[in-house]
Amino acid sequence: MNTTGLAANGGLNLKPFRGLRYVPERVGSLAAVTSPPYDVVVRPDGVHHLQSADPHNIVRLILPQAATPEDRHRQAASTLRDWIAEGVLAPDDRPALYVYEQRDGELLQRGLIGALALTPPEEGVVLPHEDVMAPIVEDRAALMRTTAANLDPLLLTYRGDGTGTGATAVIERTVRGAPLLATTTEDGVDHRLWAVTDPAQLTEVATDLARHQALIADGHHRWATYLRLRAEHPSPSPWDYGLVLLIDTARYPLRVRAIHRLLNRLPLDDALDALTAPAMDRAFRVRTVDAPLPAALDALAEAAALGNAYLLAGGAGRFHLLDRPAPGLLTRTVPQEYPPAWRALDATVLHATLLEHLWKVPDTPEDITYIHDAAAAVEQAERRGGTAVLMHPVREEVVRDLARQGVTMPRKSTSFGPKPATGLVLRSLDTA
């Protein structure tokens, strides 16, 4: 991403911090205490699986289980304090930026974890590309406020010049040494972490990053939470910064995947009836795909190459492909004041045309669950008697171009990855 539109006071300001990390001798294994990001964990099965992996799994902090939100947040804070007091978690001796590497087969990703100075959207330093849901921001803010900690890093990207200088050079020099930790999580991904504390190398990173702006790839709700909590605390304070993983995608491109919808209260038959009723006059073309999930997703990809397309699932092992929406229907239901690229997004048409206009499904957590894994979405739809809407991913260049225009996409439009494992390094605001 270029630096067009940066404020006069510069670009990214990534500061070292004293990482709060698990003490290996106090846990079963580092892999057993990690978790995917909180919004990727499929609840409740995923929470129970992670809790049983190790009594100190990080899921007990990011997704605490109790009767009320207030109890959950207090429980997480109490657990964090206990783990620090017991020596399960301990802060590093010196502030550092952390080089983080993930390797998944042929995919290699490296970046820097640090405390990023928070800036408002109008400064153009950190660009969001999705809307957020107020209840989730409030919940994350209450958790972060109560624990006084950044429990997991956001995933941000920027576009370097591809020369291997500046921050990239520091990263690639650092990985030649022995890591602070190395582990392989149950999904087969290798993770390694190094600390950068040398003042000259920290200056090299800072000088380079000050020329760049970043795109939020994953973590819009946590970024909104950071900004809310910064406004609550007089500056200067540790709340002026938030924990992030920063990736140069010119060097290490990310994968872009779709986020699927589970419509908890809409049975599949009702969803199909609403689309095929005579009054709808072929609002969408609807075809049955009698094939396994991988082949059905291939059919979705073929249809999505030509326009808006969705795959519905919910029972009997069959899928239903929706494509070719009626142009007049889109004109009536999709807001026309946005750029054409936004109006053509699958997520835009899904929410404006299908959910709001045809299915009358409100965008609330009770009605819509966002799930990253297609198989999990199908399985839960079948179990709950709801409808899974499987999506095709958006191209990264579309995301970036809309963000540069200041246009946010519908929430949960994209899933960039690989995402950082939660639990390898935390940031306590008490020791920041």
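Residues numbered from 1 in each chain as written. Predicted model: local features only at pLDDT ≥ 70, side-chain atom pairs only at ≥ 80, totals over all residues. Heavy atoms only, no water.

Two elements in contact, helix H6 (residues 167-174) and helix H7 (residues 199-209), have axes separated by 8 Å at closest approach and are oriented at 145 degrees. Counted together, Ala 167, Thr 168, Ala 169, Val 170, Arg 173 and Thr 174 of H6 and Gln 201, Glu 204, Val 205, Asp 208 and Leu 209 of H7 form the full contact between these two elements. (Axes fitted to C-alpha atoms, helices over the stretch in contact; angles between N-to-C directions. Helix = DSSP H or I, 4+ residues; strand = E, 2+ residues; numbered from the N terminus. Contact = heavy atoms within 4.5 Å.)

Let's shift gears to helix H8 (residues 220-232). Taking 1.5 Å of rise per residue, the 13 residues of H8 would be expected to cover 18 Å, and the 19 Å separating its terminal C-alpha atoms lies within 8% of that figure. All of the buried residues along H8 are His 220, His 221, Arg 222, Trp 223, Thr 225, Tyr 226, Leu 227 and Leu 229. (Expected span 1.5 Å × (residues − 1). Buried < 20%, exposed > 50% of the residue type's maximum accessible area, 1.4 Å probe, protein only.)

Now for the sheet that holds strand E14 (residues 260-263). Taken in spatial order, the six strands line up as E15-E17-E16-E19-E14-E18 in an open sheet, and their pairing is antiparallel. Edge positions in the sheet fall to strand E15 (285-289) and strand E18 (368-371), since each has one partner strand and no second. Strand-to-strand twist of the sheet, defined as the mean angle between neighbouring strand axes without regard to direction, takes the value 25 degrees. Pairing of E14 with strand E19 (residues 387-390), which is carried by three bridges, proceeds in the antiparallel orientation. The residue bridging Leu 262 from the neighbouring strand is Ala 388, located in E19. Against the sheet, helix H10 (residues 293-304) engages E15, strand E16 (309-313), strand E17 (319-323) and E19, with an angle of about 155 degrees to E16. (Pairing = 2+ DSSP bridges.)

What follows deals with the pairing of strand E11 (residues 214-218). Both faces of the sheet carry side chains from a regular strand, because those side chains alternate between them. Buried residues dominate E11, accounting for five of its five residues. Looking at chain direction, strand E8 (residues 154-158) and E11 are connected through three bridges and run antiparallel. Across the sheet, residue Thr 157 finds its bridge partner in E11, namely Leu 215.

Turning next to helix H5 (residues 134-147). Under the 1.5 Å per step criterion, the end-to-end length of H5 is 20 Å for 14 residues, consistent within 8% with the ideal 20 Å. Along H5, the residues that are buried comprise Val 137, Arg 140, Ala 141, Ala 142, Leu 143, Met 144 and Thr 147. On its buried side, H5 packs onto helix H3 (59-62), helix H4 (69-85), strand E7 (149-150) and H8. Once H5 finishes, Ala 148 follows within two positions and takes phi at roughly 50 degrees, a positive value.

A few words on the layout of surface pockets. In this structure, the largest pocket occupies an estimated 1,200 Å³ of space. The wall of the largest pocket is formed by 47 residues, among which Pro 36, Val 40, Asp 187, Arg 257 and His 372 lie closest to the centre. Secondary structure elements with two or more residues in the lining of the largest pocket: helix H1 (30-33), helix H2 (45-53), strand E4 (97-104), strand E13 (255-257), H10, helix H14 (374-384) and strand E20 (415-417). (1 Å grid on protein atoms, 1.4 Å probe; cavity = no way out; pocket = protein on both sides within 12 Å on 5 of 7 lines; lining within 4 Å. Points joined across faces, edges and corners; volume = space filled by probe spheres on them.)

Turning to the nonpolar core, a few remarks are in order. Judged by nonpolar contacts, the single largest core of 118 residues is most densely connected at Phe 284 and Trp 359. Per-element accounting of this core gives the leading share, seven residues, to helix H13 (residues 346-358). What Phe 284 contacts, discounting residues up to four positions off in sequence, is Leu 275, Tyr 310, Leu 322, Asp 323, Arg 324, Pro 325, Leu 329, Val 349, Thr 353, Leu 354 and Leu 358. One finds Val 289, Leu 293, Ala 374 and Leu 390 within the second-largest nonpolar core, a separate group that totals 20 residues. (Core = buried A, V, L, I, M, F, W, Y, C linked by side-chain atoms within 4.5 Å.)

Where charged atoms from two side chains of opposite charge approach closely, those side chains can pair. Under the defined criterion, the tally for this structure stands at 22 salt bridges. One salt bridge in this structure joins Arg 222 and Asp 218, with 3.1 Å as the shortest N-O distance. Side by side, Arg 222 and Asp 218 carry an identical accessibility label, which is buried. Across the salt bridge formed by Arg 395 and Glu 397, the nearest N and O atoms sit 2.9 Å from each other. Overlapping salt bridges, with partners in common, bring together Asp 152, Asp 218, Arg 222 and Lys 419 in one network. (Salt bridge = Lys/Arg side-chain N within 4 Å of Asp/Glu carboxyl O.)

The interhelical angle for the contact between H5 and H8, taken along N-to-C directions, is 60 degrees, at an axis separation of 9 Å. The angle between H5 and H8 falls in the class oblique. Relative to H8, the crossing made by H5 is right-handed. From H5, Ile 136, Val 137, Glu 138, Arg 140, Ala 141, Met 144 and Arg 145 reach across to H8, where they touch His 221, Ala 224, Thr 225, Tyr 226, Arg 228, Leu 229 and Glu 232. (Parallel < 35°, antiparallel > 145°, perpendicular 65-115°, else oblique. Left-handed = near helix turned anticlockwise from the far one by under 90°.)

Relative to the helices and strands, Ser 78 resides in helix H4. Judged by its relative accessible area of 29%, Ser 78 falls in the partly exposed class. Sequence-wise, Ser 78 and Gln 102 are 24 residues apart; in three dimensions their C-alpha atoms are separated by 31 Å.

Let us now look at unusual backbone geometry. Omega for the peptide link from Ser 235 to Pro 236 comes to 0 degrees, which places this bond in the cis form. When you line up the elements, Pro 236 lands in the loop between H8 and strand E12 (241-248). Omega for the peptide link from Gly 417 to Pro 418 comes to 5 degrees, which places this bond in the cis form. Inspection of the secondary structure assignment puts Pro 418 in the loop between E20 and strand E21 (427-428). The backbone phi angle of Ala 148 is positive, close to 50 degrees, even though this residue is not glycine. With respect to the secondary-structure elements, Ala 148 resides in the loop between H5 and E7. Using a relative accessible area of 14% as the deciding quantity, one classes Ala 148 as buried. For Lys 412, which is not a glycine, the phi torsion comes out positive at approximately 60 degrees.

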